[in-house]
Structure formats: C-alpha cells, structure tokens
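Each chain is listed here by its residues.
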Amino acid sequence: MNKIDTYWHQYCEMEGLSNIRYTEAFQFGAKADWLASLVVAGTKTATCSSFPLYELEGEPLPKVGDYQIVLNSQDEPVAIIKTYSIEVYPFNEVPVDFALAEGEGSYEEWKEAHIAFFGRILPEYELTFTEEMLTVCDRFEKVYPK
C-alpha cells in the first residue's frame with residue numbers, strides 16, 4: 001500500500017468509516033507547500049478552479065461530500081479535506097468572503113495570484129483567461145489531522 005492510501009486508511013480507521021473512497025490526491029497550485037500548510041493550519045478553507053478545464057478534460061465537477069487528500073510538493077499527504085459547498089461564478093463575481101477563505105491574503109492579493117495562475121495554466125490548453133471565465137468555488141473543511 002502506498003503512503004497516500006495508508007494515510008487514507010488511518011483516517012478511516014480513526015473515524016470508523018468503511019466503503020468510502022477519496023476522490024483525488026492533489027497539490028494546490030504552484031506553491032504546494034505553502035498552500036498545504038495553510039490547509040493544515042485551518043487558514044485555507046476554500047479553493048477555486050477553472051470551469052472550462054473540467055469541460056475540456058471531461059472531468060466531473062467536485063461534489064458536496066467529496067474527500068480529497070492534500071499533498072505537499074513531495075507528493076506526501078498532509079491533510080484530508082471534505083467539500084461542503086460547490087458554487088460556480090464568473091471570476092469577476094467570486095464573493096469576497098470566498099476569496100478570503102482561500103487564506104492567501106487580501107481580496108486584491110487573491111485576485112492578482114489567481115489571474116497570474118490562470119494566465120499561466122490556461123494557455124497550455126489553448127484557452128485564454130478572462131475575468132468572465134467561470135470558476136468552480138469549492139469550500140471545504142479539514143477533517144484530518146484534527
């Protein structure tokens with residue numbers, strides 16, 4: 001069993017859960033260690049992603065109740081999160097409280113960081129960032145470690 005599955009099984013045993021799978025194990029953005037540390041500290045309780053990428057890749061949107069494992073830059077599991085809200089907004093209509101729940105600073109800092117991130121990622125898929133682009137806004141709680 002790999003370290004990600006071992007981490008998941010430890011959580012399930014501790015919580016008495018069975019027959020539940022995590023949806024994915026992933027790193028947050030370009031600053032994986034810093035963002036993972038914000039999740040572990042309980043500062044980061046939300047994340048947004050590009051709706052057009054879900055469509056392009058044929059991936060289903062996250063769902064309420066999904067479990068995900070947060071990885072650091074070394075692909076080591078550091079936390080388990082559980083989604084409790086999914087909303088889709090144009091980038092320029094993402095609520096300020098959501099942006100602040102991402103834990104990355106002020107609304108202006110959040111906006112600047114996400115414009116830069118989407119501006120780097122989307123061209124790889126022959127897409128262009130616009131402020132009207134739909135974003136998938138995922139609010140979550142850290143369920144492990146407590």
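Heads up: the structure comes first, above all this text.
Right, let's walk through the structure included here.

Rules used in this analysis
- Residues numbered from 1 in each chain as written.
- Predicted model: local features only at pLDDT ≥ 70, side-chain atom pairs only at ≥ 80, totals over all residues.
- Heavy atoms only, no water.
- Helix = DSSP H or I, 4+ residues; strand = E, 2+ residues; numbered from the N terminus.
- Rg over C-alpha atoms; globule rule 2.2 N^0.38 Å.
- Buried < 20%, exposed > 50% of the residue type's maximum accessible area, 1.4 Å probe, protein only.
- Contact = heavy atoms within 4.5 Å.
- Areas by Shrake-Rupley, 256 points an atom, 1.4 Å probe, with all protein chains shown as cover.
- 1 Å grid on protein atoms, 1.4 Å probe; cavity = no way out; pocket = protein on both sides within 12 Å on 5 of 7 lines; lining within 4 Å.
- Points joined across faces, edges and corners; volume = space filled by probe spheres on them.
- Core = buried A, V, L, I, M, F, W, Y, C linked by side-chain atoms within 4.5 Å.
- Pairing = 2+ DSSP bridges.
- Axes fitted to C-alpha atoms, helices over the stretch in contact; angles between N-to-C directions.

### Observations concerning the overall build of the protein chain
For the protein chain, the count of helices and strands is five helices and five strands. Secondary structure of the protein chain in N-to-C order comes out as α-β-α-β-α-β-β-α-α-β. At 15 Å, the protein chain has a C-alpha radius of gyration in line with the 15 Å of a compact globule built from 146 residues. Projected onto the principal axes, the alpha-carbon positions of the protein chain cover approximately 45 × 30 × 25 Å. The burial tally for the protein chain puts 42% of its 146 residues in the buried class. In the protein chain, 73% of the contacts between residues at least 6 apart in sequence involve partners at least 24 apart. Split by element, the accessible area of the protein chain, about 7,900 Å² in all, is 51% carbon and sulfur.

### A closer look at unusual backbone geometry
Excluding glycine, a negative phi dihedral is what most residues carry, and trans is how most peptide bonds are arranged. A cis amide bond links tyrosine 144 to the next residue, proline 145, at an omega of -5°. Examined against the element boundaries, proline 145 turns out to sit in the segment after β5 (134–144). Phi is positive for asparagine 19, close to 60°, though the residue is something other than glycine. Relative to the assigned elements, asparagine 19 resides in the loop between α1 (3–15) and β1 (24–27). Its relative accessible area of 83% is what places asparagine 19 among the exposed residues.

### Quick word on the layout of surface pockets
Taken as a whole, the largest pocket encloses approximately 1,100 Å³ of empty space. Ranked by the residues each element gives to the lining of the largest pocket, the list is headed by helix α5 (residues 107–121), at eight residues.

### Some points on the nonpolar core
Trp110 and Phe118 are the most contacted members of the largest nonpolar core, which has 16 residues in total. Listing elements by their share of this core, those giving two or more residues are β2 (46–50), α4 (96–101) and α5. Those residues in contact with phenylalanine 118, other than ones at most four positions away along the chain, are Cys48, Ser49, Ser50, Phe91, Pro123, Phe129, Met133 and Thr135.

### So, the side chain of serine 50
Note on placement: serine 50 falls in strand β2. In this structure, serine 50 is in contact with Phe118, Leu122, Met133 and Leu134, ignoring residues within four places of it in sequence.

### What about the sheet that holds strand β3 (residues 67–71)?
Spatial strand order, β1-β3-β4-β5-β2: five strands in an open sheet with mixed pairing. Strand pairing shows two members of the sheet lacking a second neighbour, β1 and β2, which therefore form its edges. When the angles between neighbouring strand axes are averaged without regard to direction, this sheet yields 40°. Sheet analysis places strand β4 (residues 77–90) next to β5, joined by 10 bridges and oriented antiparallel. Among the inter-strand pairings, lysine 82 is bridged to a residue of β5, identified as glutamate 141. Most of the contacts of helix α2 (residues 32–41) go to β4, to which it runs at about 90°, and overall it touches β1, β3, β4 and β5.

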